[in-house]
Amino acid sequence: MKYYLIVGEASGDLHASHLMRSLKKYDAEAEFRFFGGDLMAAEGGTLVKHYRELAYMGFVPVLLHLRTIFRNMAFCKRDITEWQPDAVILVDYPGFNLDIAKYLRSEKLKTENGKVSGNHHPKVYYYISPKIWAWKEYRIKNIRRDIDELFSILPFEVDFFEKKHHYPIHYVGNPTADEVRQFKTEYKETREEFSRRHDMPSAKPIIALLAGSRKQEIKDNLPAMIEAADGFADYELVLAGAPGIERSYYDKFIGGTRVRFIDNDTYALLSHSAAALVTSGTATLETALFDVPQVVCYKTPVPRLIRFAFNHIIKVKYISLVNLIADREVVPELLADRFSVANIRHELSRNLTDSEVTAHMMRGYGSVHERLGNLEAPDNAARQMVELLKNR
């Protein structure tokens, strides 16, 4: 069968590549065409556009690139119509993907010459569901109308979609948990070997800096992270490079500092870290799954307004996946008006010196492990997708 996948950033590329690998296990004739990245390309098929051409974050960048975004959307719609896949698999990236889903459900599926493309309507599957429980809950009507099957990787989403909105979904397990479990099983490098490979001293414990996967996040958060962590002279400061971000961009922030940079080795870094400063996102969950004490840092514009929105408009109590999954505050979240160098330094110091703080966090991490379960998400999702297609 033919599968058309759409992702918009590095984490989507990773998760979609694993899903593609699993789809090939259950469908020996699987063909792929996709908006994605290098990891997906390594699994085979046709890379139509790289996610680097799609990933714009924040109001101003999106506004400045509206023409490009609309051009990419129009191209994607034409490409799907012409290729006529059996299934379109949308991976996160809701602003773009929900528009594609709406198009696929419309009666306007036409080829470039204006002819209707027959009765062929691909199944629309959403893998890594849109986080409408946090904001834009009204999108449930679009999902109900346009999505055939929704595959969730967060256990608390089941209650949100099924109990609150009476929309059945599939919880398939968490791919990040799968990836960390596999890495831990295979990774045997000692701290000395890790340090030697990255040309750094092995005597000092490490504070890891995970500053986000987008340039805007890095620009906003990394300088304060470095300033806060620099006061801990007995620790090595190591910055993890994000996929798709060139080293030269990081050099603007770490030049002249004692921060060391490693690229494409975040899991190994977390394996040997004493603590971490982490920008909110998947990295908070990865850090928890490695049992590394962390401080979640997220700078925002107009912080007092954001705090008001968080207290009165946004539907969730937390921003980190760790706290959302545990349904309580396991890790400190320094968001908006709580984001400052002094607050980051204080919370980091507590993580490094207060055993009760660390023990509380480790108990919370245990709850996260338990709630995620041991399902192999890509395999579970792929098996169900293929079965649904065969039985349609």
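Residues numbered from 1 in each chain as written. Predicted model: local features only at pLDDT ≥ 70, side-chain atom pairs only at ≥ 80, totals over all residues. Heavy atoms only, no water.

A. Layout of the overall build of the chain. Per the secondary structure count, the chain includes 18 helices and 13 strands. The C-alpha radius of gyration computed for the chain amounts to 22 Å, which stays within 12% of the reference 21 Å derived for 392 residues, consistent with globular compactness. Over its C-alpha atoms, taken along the principal directions, the chain stretches across nearly 70 × 45 × 40 Å. With 392 residues in all, the chain has 54% of them scored as buried. Considering only contacts in the chain between residues 6 or more positions apart, those separated by 24 or more positions represent 66%. (Helix = DSSP H or I, 4+ residues; strand = E, 2+ residues; numbered from the N terminus. Rg over C-alpha atoms; globule rule 2.2 N^0.38 Å. Buried < 20%, exposed > 50% of the residue type's maximum accessible area, 1.4 Å probe, protein only. Contact = heavy atoms within 4.5 Å.)

B. Up close: the sheet that holds strand β12 (residues 294-298). Reading across from one edge, β10-β9-β8-β11-β12-β13 is the order of the 6 strands in this open sheet, with parallel pairing throughout. Where the open sheet ends on each side, the last strands, each with one partner, are β10 (260-263) and β13 (333-335). Within this sheet the neighbouring strands show an average axis-to-axis angle of 20 degrees, counted without direction. Bridge analysis of β12 against β13 gives 3 bridges, and the strand direction is parallel. (Pairing = 2+ DSSP bridges. Axes fitted to C-alpha atoms, helices over the stretch in contact; angles between N-to-C directions.)

C. Structural context of the packing of helix α8 (residues 175-186) against helix α13 (residues 282-289). Interhelical geometry of α8 versus α13 gives an angle of 40 degrees and a closest axis separation of 10 Å. Here α8 lies oblique to α13, going by the angle between them. Handedness of the crossing formed by α8 with α13: right-handed. Note on element contacts: α13 touches α8 through Thr-282, Leu-285, Glu-286 and Leu-289, opposite Thr-176, Ala-177, Val-180 and Lys-184. Looking at the contact of α8 with α13 residue by residue, the class counts come to 4 nonpolar, 2 polar and 2 charged. (Parallel < 35°, antiparallel > 145°, perpendicular 65-115°, else oblique. Left-handed = near helix turned anticlockwise from the far one by under 90°. Nonpolar A, V, L, I, M, F, W, Y, C, P; charged D, E, K, R; others polar.)

D. Representation of the nonpolar core in the model. Counting 97 residues, the largest nonpolar core has Tyr-3, Leu-5, Ile-6, Ile-89 and Tyr-127 as the members making the most contacts within it. Dropping the residues within four chain positions of it, Leu-5 is found in contact with Ala-16, Leu-19, Met-20, Phe-32, Arg-33, Phe-34, Phe-35, Met-40 and Ile-89. (Core = buried A, V, L, I, M, F, W, Y, C linked by side-chain atoms within 4.5 Å.)

E. Structural context of unusual backbone geometry. The backbone of Asp-291 sits at a positive phi, close to 55 degrees, despite the residue not being glycine. As for its placement among the helices and strands, Asp-291 is situated in the loop between α13 and β12. Of note in this structure, Ala-336 is not a glycine but carries a positive phi near 55 degrees. By the element assignment, Ala-336 lies in the loop between β13 and α16 (341-353).

F. Looking closely at the packing of aromatic side chains. If you walk through the whole model with that rule in mind, you get 17 aromatic pairs. Relative to Phe-161, the ring of Phe-160 lies with its centre 5.1 Å away and its plane at 90 degrees, an arrangement referred to as edge-to-face. Relative accessible area serves as the criterion here: at 10%, Phe-160 is assigned to the buried category. When the ring of Tyr-249 is compared with that of Phe-253, the centres are 5.4 Å apart and the planes differ by 65 degrees; the resulting orientation is edge-to-face. Residue Tyr-249 and its partner Phe-253 are located together in helix α11 (residues 247-254), separated by 4 residues, close to a single helical turn. For the pair shown, Tyr-249 and Phe-253 are each scored as buried. A cation over an aromatic ring shows up here: Lys-49 above the ring of Phe-75, its NZ or CZ 5.4 Å from the ring centre. Positioned above the aromatic ring of Phe-290, the side-chain terminus of Lys-184 is 5.5 Å from the ring centre. (Phe/Tyr/Trp six-rings, centres within 6.5 Å; stacked < 30°, edge-to-face > 60°. Lys NZ or Arg CZ within 6 Å of the ring centre and 35° of its normal.)

G. Focus on the environment of Glu-347. Relative to the helices and strands, Glu-347 is located in helix α16. Owing to a relative accessible area of 15%, Glu-347 belongs among the buried residues under this scheme. Taking the C-alpha atoms as reference points, Glu-347 and Val-296, 51 residues apart in sequence, are found 9.5 Å from one another. For Glu-347, the residues in contact, after removing those within four places along its chain, are Val-295, Pro-332 and Leu-334. Of note is the side chain of Glu-347, whose polar atom sits 3.2 Å from the side chain of Arg-350. (Polar contact = N/O pair within 3.5 Å; in protein donor to acceptor, adjacent residues only side chain to side chain.)

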